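# Architecture and fold: a report
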Amino acid sequence: MLELLLWPFAAGVVLTGIHAYFGLHVLARGIVFVDLSLAQVAALGITIAILAGHTVDSEAAYWYALAFSFSGAVLFAVSRCYEQAIQQEVVIGIVYAVCAALGVLALDRAPQGAEHIKQILIGSILTVSADQVQHLAVLYAAVGLVHWLLRRPLIQASFHPERPSSARFIWDVVFYGSFAMVVTSSVRIAGVLLVFSYLIVPAAIATLLAKGIRPRLLLAWVLGVLITAAGLAASWAWDLPTGPAIVAAFGAAIALTGVLFALRVLSARMVGRALALAAVVAGLLLVLFPQMDQPWLDAIERAVPQVQTAFLDEDDRSTRLDALEAIRRGQDELAMLRLRQQDVNWGKLEMSIDMQERLRQYLAGRGEIVAGDQLVLKDLAIKARDKQCLLLGLPLTLIGAIGAFLLFGRRRQN
């Protein structure tokens, strides 16, 4: 595991180092989607390179992408001079949409266009090499050094734009130009989605939790490294695509931060009101639409099966137990086979192409059998809903309504 994930983790650390810094600037400028836009411009350059006969990973494709992204950088720098007439975010959105459309049109004429789009979106951070990581580290260190030497005018242009400066356009060109170089280099390895996550999520969380540029930057670096490690661990444990797994880890981190901040401002009474209203809505949905999905009731039934079995007859209960046993055996077998497939994917086990295809087909067939048994459980749950809608739905609605009346009525009395 350590040997396989060492360089992907090192690449994540390098990406965190530069993107967390740029993320603070991007948030200060209020141009959150500039990274996606520049990445899409770079992707358009790569697409043109593909049509010209070059591969996605070739040096020619990199220079195509860099030339396109530099053009976008200059356009964004110019657009900032006209912010009073048109917001810069509008220009960024237009550039993104147009470049995305042109990229799709171009890849429609390229062989394996869908695969190229997928690679540009999710990247291939799992297969990053030591040479690529070292190259990125040197390049980003050089960009960081330039920004450190020019930190005062660049910080003023981003964090204090209200202060007049005759050379602001020049500093915007420096910022966007260096940012375009970073984005173009990062997208080749990590893909558009992961690069955006590295740019925005650590900087956004750090902005919420700390004050001042230096504390925010240090916290963003720590968060980026920890979330990268969590995403890689999840990818290894559950055999997930590495890039999307790290993006999901970033999403979980920002969601957890949002929940914690919400809890800070919510009082016990506000929580009670929300729960009461939720009970009313859930109860009414169960009464009026018993056949629709009821995720909250499904979760309760998984934790306390008696909530469902109490509304089934003896034959249905026996069928439910048989289906659960069949699902358990099938899932155990699938887990064992997926471990073998994971070992093949990670290079720990050698298997011929023919055997890999047989394993894939058997997994698909066994998965369909398990899905069939799960449909049996679904039918039994729907059968129980016909009785639960009244015996559970009506009391839940009544309890929620009483709670809401008491909690909201108390506010009027106060």
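To keep things clear, this report deals only with the structure shown in the data block. Everything numeric here is computed off the predicted structure, so don't read it as measured data. (Residues numbered from 1 in each chain as written. Predicted model: local features only at pLDDT ≥ 70, side-chain atom pairs only at ≥ 80, totals over all residues. Heavy atoms only, no water.)

With that settled, consider the packing of aromatic side chains. Describing an aromatic ring pair means giving the distance of the ring centres and the angle of the ring planes. Scanning the model with the defined rule gives 9 aromatic pairs in all. Here F22 and F175 contribute two aromatic rings whose centre-to-centre distance is 5.6 Å and whose plane-to-plane angle is 50°, an arrangement assigned as tilted. Residue F22 is located in helix 1 (residues 2-29), and its partner F175 is located in helix 8 (residues 168-209); the two are separated by 153 residues in the primary sequence. Of the residues examined, F175 reaches a relative accessible area of 0% and is grouped as buried. Each residue in the set Y21, F22, F76, F175, Y176 and F179 is aromatic and connected to the rest through ring pairs, giving one cluster. Lying across the ring of F175, R29 places its NZ or CZ 4.1 Å from the centre. It is R151 that lies over the ring of W148; its NZ or CZ is 4.4 Å from the centre. (Phe/Tyr/Trp six-rings, centres within 6.5 Å; stacked < 30°, edge-to-face > 60°. Helix = DSSP H or I, 4+ residues; strand = E, 2+ residues; numbered from the N terminus. Buried < 20%, exposed > 50% of the residue type's maximum accessible area, 1.4 Å probe, protein only. Lys NZ or Arg CZ within 6 Å of the ring centre and 35° of its normal.)

Nonpolar side chains collect at one region of the surface, where V74, V78, Y82, I86, V90, I94, V98, L102, L105, F169, I170 and V173 lie side by side and expose about 1000 Å² of accessible area between them. Of all the secondary structure elements, the ones that give two or more residues to the nonpolar patch are helix 3 (59-80), helix 4 (88-107) and helix 8. If one sorts the elements of the nonpolar patch by residue count, helix 4 sits on top with 5 residues. Note that V90 resides in helix 4. V90 gets classed as partly exposed once you look at its relative accessible area, which sits at 37%. (Patch = residues over 30% accessible without salt bridge, like charges linked within 9 Å, V, L, I, M, F, W, Y side chains within 5 Å. Areas by Shrake-Rupley, 256 points an atom, 1.4 Å probe, with all protein chains shown as cover. Salt bridge = Lys/Arg side-chain N within 4 Å of Asp/Glu carboxyl O.)

A word on helix 15 (residues 353-391). The end-to-end C-alpha separation of helix 15 is 56 Å, in line with the 57 Å expected for 39 residues at 1.5 Å each. Looking at helix 15, one finds that the buried residues are L359, L363, R366, V370, D373, L380, A381, A384, R385, Q388 and C389. (Expected span 1.5 Å × (residues − 1).)

So, on to helix 11 (residues 268-288). In an α-helix, one turn spans 3.6 residues; hence positions three or four apart end up facing the same way. Helix length check: helix 11 (21 residues) gives 30 Å between terminal C-alpha atoms against 30 Å at 1.5 Å per residue, within 8%. Here helix 11 has its buried residues at R273, A276, A279, V280, A282, G283 and L286.

Time to look at the pattern of salt bridges. A complete count under the given rule lists 12 salt bridges for this structure. Here D298 ties to R385 by a salt bridge, and the two come within 2.5 Å at their closest N and O atoms. In this pair, D298 is assigned in helix 12 (residues 295-303) and R385 in helix 15, connecting sequence segments 87 residues apart. An identical accessibility class is assigned to D298 and R385; each is buried. The partner of R366 in a salt bridge is E333, with the nearest N and O atoms 2.9 Å apart. Pair noted here: R366 is in helix 15 and E333 is in helix 14 (residues 314-345), with a separation of 33 residues, a long-range link. The class for R366 is buried, based on a relative accessible area of 18%. Connected through salt bridges with shared partners, the residues E325, R328, R329 and D332 form a single ionic network.

This part covers the packing of helix 9 (residues 213-238) against helix 10 (residues 242-265). Direction vectors running N to C along helix 9 and helix 10 enclose 130°, while the axes themselves pass 8 Å from each other. On the basis of the axis angle, helix 9 is oblique to helix 10. Viewed along their axes, helix 9 and helix 10 form a crossing whose handedness is right-handed. Listed contacts from helix 10 to G224, I227, T228, G231, L232 and S235 of helix 9 are T242, A245, I246, A249, F250 and A253. Counted by class, the contact of helix 9 with helix 10 contains 7 nonpolar, 5 polar and no charged residues. (Axes fitted to C-alpha atoms, helices over the stretch in contact; angles between N-to-C directions. Parallel < 35°, antiparallel > 145°, perpendicular 65-115°, else oblique. Left-handed = near helix turned anticlockwise from the far one by under 90°. Contact = heavy atoms within 4.5 Å. Nonpolar A, V, L, I, M, F, W, Y, C, P; charged D, E, K, R; others polar.)

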